[in-house]
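What the coordinates show
What follows is each chain in one-letter form.
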Amino acid sequence: MHVRRLSLAHFRNYQRLDLDLTSRTTVVFGDNAQGKSNLLEAIFYLATMRSFRAHSDRELMSWGLADDPIGFTRIAARVERSGEPLDLEIILREEPRRADGDLVTRVLAKRIKLNDVPRRAIDVIGVTTAVMFSPQDLGLVEGAPLLRRRYLDVTISQADRVYCRSLAHYNRVVIQRNHLLRAIRDRGGPPDQLHFWNRELVSAGSYIVSKRLATIRLLGEVSRRLYGELEGGAETLTVGYRSSIAAGDVGPDWEGEQIATAFESRLKDLQPREILLGMSLVGPHRDDLTFQLDGHDVGSFGSRGQQRTVALALKLAEAEHLSTHTGERPIILLDDVLSELDPSRRERVLALIDPAQQVLLTTTDVQALDGLAPAGATWLRVSGGHIEQTSRESLPSLANRA
Ligand code: ATP
Ligand code: MG
């Protein structure tokens with residue numbers, strides 16, 4: 001997988017950008033708040049149709065654009081996949097929509113094209129694959145369960161279209177079922193109205209849980225090895241899954257039937273409580289990914305450095321998982337992560353990345369990367385939403401030292 005050309009219009013602080021990315025490794029450097037993360041965000045967005053940090057697509061549109069009736073945001077790329085060129089384009093535009101009467105509301109329209117043919121987001125997720133490493137990854141280990149669920153879902157969806165669809169279906173089922181639970185609570189009526197939605201919940205939910213378990217088995221094994229390589233093998237990392245469908249942890253080897261049976265029986269147990277709260281309490285939307293070092297939860301007990309290394313090992317494992325699953329090496333996006341590491345860990349991380357992969361890394365400190373970036377790397381200086389290509393030799397701080 002290689003992004004050959006990236007074009008942006010009115011994306012965050014980029015008014016216009018046309019960038020050729022020829023080298024395997026690209027170093028993006030510049031002061032704070034110039035547009036380094038925004039550039040990586042654009043590439044990640046093309047792969048996952050999601051930002052790694054925005055809550056809504058509106059945040060991606062350049063400020064001031066919302067007032068411009070014909071303005072739009074465009075994110076486009078020519079990507080090479082298995083030697084074949086692909087053109088991806090996303091247009092975000094505020095469009096007026098007439099609601100009841102004369103009231104006009106503005107809605108955000110998202111139009112996606114693959115090779116000039118309109119497509120739905122769900123059909124283009126995973127056309128390109130990317131793994132983003134960012135300082136926010138720490139949140140994966142010590143943050144809320146929602147972040148870990150989202151991480152798992154985005155990761156699996158990149159490699160598995162069916163999962164992506166099932167998840168969208170499952171989320172609709174949860175909403176419908178919650179409506180019904182509230183209706184039963186507020187207006188009464190026999191709880192057996194829930195049968196239909198229970199069946200839907202269990203069938204879509206069990207599939208999601210089984211896919212998550214399978215992915216965790218793979219990611220867990222690879223992360224454990226990578227954690228050992230990064231840290232020198234002092235402790236052992238275990239990645240697990242805590243599920244609301246069982247009172248205790250579900251076993252890593254649980255499969256379809258076993259999952260569905262546990263799910264049903266837990267639903268039965270919790271039904272009165274679900275009606276009381278008007279909320280679905282059982283299912284993958286309430287589950288969590290867990291990380292332990294020698295049996296201790298890393299989120300609660302791990303040091304900052306350990307948490308960081310666990311997140312790194314997980315992301316590196318994800319890159320391996322995507323490679324084996326899709327037959328294509330994902331694009332590696334390293335946003336500001338190397339500067340947080342000590343020099344020897346920095347070296348070990350780069351050594352673990354496949355040199356045949358496209359890598360884009362950002363830094364405010366070019367000197368920290370001197371000697372680590374490969375000789376053929378491209379050096380891009382970012383300043384105020386503009387990018388200028390330079391050569392390593394022309395960077396004064398490095399040239400003086402050479
Ligand atoms: P740092 O080194 O601090 O991480 P950075 O180069 O990664 O900096 P970015 O996160 O890419 O910086 O942000 C660059 C600038 O883009 C910031 O000043 C930010 O305020 C601005 N920005 C963010 N969203 C928008 C938007 N929707 N429209 C215009 N500018 C935006
Ligand atoms: Mg940044």
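What counts, and at which threshold
Residues numbered from 1 in each chain as written. Chains lettered and ligands numbered in written order. Predicted model: local features only at pLDDT ≥ 70, side-chain atom pairs only at ≥ 80, totals over all residues. Heavy atoms only, no water. Helix = DSSP H or I, 4+ residues; strand = E, 2+ residues; numbered from the N terminus. Rg over C-alpha atoms; globule rule 2.2 N^0.38 Å. Buried < 20%, exposed > 50% of the residue type's maximum accessible area, 1.4 Å probe, protein only. Contact = heavy atoms within 4.5 Å. Expected span 1.5 Å × (residues − 1). Core = buried A, V, L, I, M, F, W, Y, C linked by side-chain atoms within 4.5 Å. Domains from an automatic or database assignment. Pairing = 2+ DSSP bridges. Right-handed = clockwise from strand over helix to strand, strands pointing away. Buried area = accessible area lost by both parts, 1.4 Å probe. Salt bridge = Lys/Arg side-chain N within 4 Å of Asp/Glu carboxyl O.

Topic: the overall build of the protein
- Tallying secondary structure elements over the protein gives eleven helices and 15 strands in all.
- For the protein, the C-alpha radius of gyration of 23 Å lies close to 21 Å, the compact-globule estimate for 402 residues.
- Overall size of the protein, expressed as C-alpha extent along the three principal axes, is 80 × 65 × 35 Å.
- Looking at the protein as a whole, 51% of its 402 residues are labelled buried.
- In the protein, once contacts between residues fewer than 6 apart in sequence are set aside, the share between residues at least 24 apart is 69%.

Brief notes about helix 4 (residues 145–159)
- Between its terminal C-alpha atoms helix 4 stretches 22 Å, which fits the 21 Å expected from 15 residues at 1.5 Å a residue.
- When helix 4 is considered as a whole, its buried residues turn out to be Arg148, Arg149, Tyr151, Leu152, Asp153, Val154, Thr155, Ile156, Ser157 and Gln158.

Looking at the nonpolar core
- Core analysis: the biggest nonpolar cluster contains 70 residues, and Phe133, Phe291, Val310, Ile332, Leu334, Leu361 and Trp379 have the highest contact counts within it.
- Looking at which element gives the most residues to this core, the answer is helix 6 (residues 195–231), with twelve residues.
- Both domains that meet at this core, namely domain 1 (1–129 + 330–402) and domain 2 (135–327), each give it at least three residues.
- Those residues in contact with Leu334, other than ones at most four positions away along the chain, are Leu40, Phe133, Leu350, Ile353, Val359, Leu360, Leu361 and Thr362.
- In terms of nonpolar packing, the next biggest core, distinct from the first, is built from 47 residues, Phe11, Leu39, Met61 and Leu114 among them.

Observations concerning the pairing of strand 13 (residues 359–363)
- Burial analysis of strand 13 places five of its five residues in the buried class, the great majority of the element.
- A two-sided burial pattern is seen for strand 13, the buried positions comprising Val359, Leu361 and Thr363 on one face and Leu360 and Thr362 on the other.
- In this sheet, strand 13 lies alongside strand 3 (residues 25–29) in parallel orientation, the contact comprising five bridges. Residue pairing across strands places Thr26 opposite Leu360, the latter belonging to strand 13.
- As paired elements, strand 12 (residues 331–335) and strand 13 share four bridges and run parallel to each other. Counterpart to Leu334 in the pairing with strand 13 is Leu361.
- A crossover links strand 12 with its parallel partner strand 13, the connecting element being helix 10 (residues 343–352), and its sense is right-handed.

Looking at the domain arrangement of the protein
- If you check the domain split of the protein, you get domain 1 (1–129 + 330–402) and domain 2 (135–327).
- The straight-line distance from the C-alpha centre of domain 1 to that of domain 2 is 29 Å.
- Taken together, both faces of the contact between domain 1 and domain 2 bury some 2,100 Å²; the carbon and sulfur share is 62%.
- It is Ile122, Glu340 and Leu352 in domain 1 that bury the most area against domain 2; as a group they hold 26% of the surface buried on that side.
- At the boundary of domain 1 with domain 2, the tally comes to three salt bridges.
- We note a salt bridge from Glu231 to Arg345, for which the minimum N-O separation is 2.9 Å.

Focus: unusual backbone geometry
- Of note in this structure, Arg12 is not a glycine but carries a positive phi near 45°.
- Mapped onto the elements of the fold, Arg12 is located in the loop between strand 1 (2–11) and strand 2 (14–20).
- Since its relative accessible area comes to 19%, Arg12 is described here as buried.
- Notably, Asp336 is not glycine yet its phi reads approximately 65°, a positive angle.
- Structurally, Asp336 is set in the loop between strand 12 and helix 10.

Describing the environment of Pro135
- Looking at the element boundaries, Pro135 is found in the loop between strand 8 (130–133) and helix 3 (138–142).
- A residue is classified by how much of its surface remains accessible, and Pro135, at 28% relative accessible area, is partly exposed.
- Distance from Pro135 to Leu334, taken between C-alpha atoms, is 9.4 Å for residues 199 residues apart in sequence.
- Residues in contact with Pro135, not counting those within four places in the same chain, are Asp335, Asp336, Val337 and Glu340.

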